[in-house]
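# Structure assessment
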Amino acid sequence: QVQLQESGPGLVKPSETLSLTCTVSGTSISDYYWSWIRQPAGKGLEWIGRLYTSGSTNYNPSLKSRVTMSVDTSKNQFSLKLTSVTAADTAVYYCTREHDYSNYDWFDPWGQGTLVTVSS
Amino acid sequence: DIQMTQSPSSLSASVGDRVTITCRASQSINTYLNWYQQKPGKAPKLLIYAASDLQSGVPSRFSGSGSGTDFTLTISSLQPEDLATYYCQQSNSMPWTFGQGTRVEIK
């Protein structure tokens, strides 16, 4: 059974960098796409971006200038960095595996999510 | 970006009712459409992918249909455990985008 677990600071100061890690268990991280998605309290879902285990990435243009994703295959982990955060970046952050089959893409499974609050 | 619009934003129905949620894309997305269920305080869960394919383990009362710009998620007989918010998501072109969600309540 594939499981994902997000980890990282729950509180980040404005203008600083948000850093999260997703640890994957139950499968090798290799040869899949892995995505980050966030959800502000009481609001909808926003796709942040994805990476393939080769290191290639695709980011949401709305966040592209501030986002970096990376992978550590030796630890079966992948990571998200979001720079220059503001209160608008306060959200629950989810990591998820992105299936890519015949150009169809979907997210399954998801981590439980981690709340990141941006506040001084 | 492709905009996804769901309707209604919320609904209340009785156990056993047939429930229909619609999702409209701002441009044609073929059948690159997925549905997720998010129960209160939990992560979203995949229900339907490629517009009509039921994810393994999902009850058969859930079904999806549509192509192009108009899609439907149907719950054939609403159960108490279906209390949740449902999201559609397009995977036709990046950035992947979601609908705003439909909250389903039980009368």
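Check the entry above for the structure.
I will try to describe carefully the structure that is included in this document. (Residues numbered from 1 in each chain as written. Chains lettered and ligands numbered in written order. Predicted model: local features only at pLDDT ≥ 70, side-chain atom pairs only at ≥ 80, totals over all residues. Heavy atoms only, no water.)

## What to know about the environment of B:Ser56
All names here are of chain B.
- Here Ser56 shows up in the loop between strand E6 (53-54) and strand E7 (62-67).
- Of the residues examined, Ser56 reaches a relative accessible area of 68% and is grouped as exposed.
- As a C-alpha pair, Ser56 and Leu46 span ten residues in sequence and 9.4 Å in three-dimensional space. (Helix = DSSP H or I, 4+ residues; strand = E, 2+ residues; numbered from the N terminus. Buried < 20%, exposed > 50% of the residue type's maximum accessible area, 1.4 Å probe, protein only.)

## Focus on the side chain of A:Asp105
- Inspection of the secondary structure assignment puts A:Asp105 in strand E10 (residues 104-110).
- Under the relative-accessibility criterion, A:Asp105 is labelled buried at 5%.
- Those residues in contact with A:Asp105 that sit more than four places away from it in its chain are A:Arg50, A:Glu98, A:His99, A:Asp100, B:Asn34, B:Gln89, B:Ser91 and B:Trp96. (Contact = heavy atoms within 4.5 Å.)

## Examining the sheet that holds strand E3 (residues 19-25) of chain B
Residues and elements named next belong to chain B.
- Taken together, four strands build an open sheet; the order of strands is E1-E3-E8-E7 and the sheet is antiparallel. Only two strands of the sheet have a single neighbouring strand rather than two, namely strand E1 (4-7) and E7. Taking each pair of neighbouring strands and ignoring which way they run, the sheet shows an average axis angle of 20°.
- The pairing of E3 with strand E8 (residues 70-75) spans six bridges and is classified as antiparallel. (Pairing = 2+ DSSP bridges. Axes fitted to C-alpha atoms, helices over the stretch in contact; angles between N-to-C directions.)

## Regarding the interface of chain A and chain B
- Counting from both sides, the interface comprises 22 residues of chain A and, opposite them, 19 residues of chain B.
- Between chain A and chain B lies a buried interface of about 1800 Å² when both sides are counted; carbon and sulfur atoms form 64% of it.
- Taken together, the links from chain A to chain B amount to zero salt bridges.
- Applying the counting criterion to the chain A and chain B interface returns nine residue pairs in polar contact (both at pLDDT 80 or more). (Buried area = accessible area lost by both parts, 1.4 Å probe. Salt bridge = Lys/Arg side-chain N within 4 Å of Asp/Glu carboxyl O. Polar contact = N/O pair within 3.5 Å; in protein donor to acceptor, adjacent residues only side chain to side chain.)

## Let's talk about the layout of surface pockets
- Looking at the largest pocket, its volume works out to about 510 Å³.
- Along the walls of the largest pocket sit 27 residues, with A:Gln39, A:Gly42, B:Gln38, B:Thr85 and B:Tyr87 positioned nearest its centre.
- Looking at the lining of the largest pocket, the elements that each hand over two or more residues are strand E9 (91-101) of chain A together with strand E9 (84-90) and strand E11 (102-106) of chain B.
- Residue composition of the lining of the largest pocket, grouped by class: eleven nonpolar, twelve polar and four charged.
- Considered as a void within the structure, the second largest pocket measures approximately 260 Å³ in volume.
- Considering the residues around the second largest pocket, the lining is formed by 13 residues, among which A:Gln1, A:Val2, A:Gln3, A:Pro109 and A:Trp110 are closest to the centre.
- For the lining of the second largest pocket, the elements supplying multiple residues, two or more each, are strand E1 (3-7) and E10 of chain A.
- Among the elements that line the lining of the second largest pocket, the one with the most residues is E10(A), at three residues.
- Grouping the amino acids of the lining of the second largest pocket by side-chain chemistry returns six nonpolar, four polar and three charged. (1 Å grid on protein atoms, 1.4 Å probe; cavity = no way out; pocket = protein on both sides within 12 Å on 5 of 7 lines; lining within 4 Å. Points joined across faces, edges and corners; volume = space filled by probe spheres on them. Nonpolar A, V, L, I, M, F, W, Y, C, P; charged D, E, K, R; others polar.)

None of this, on its own, says anything about what the molecule does.
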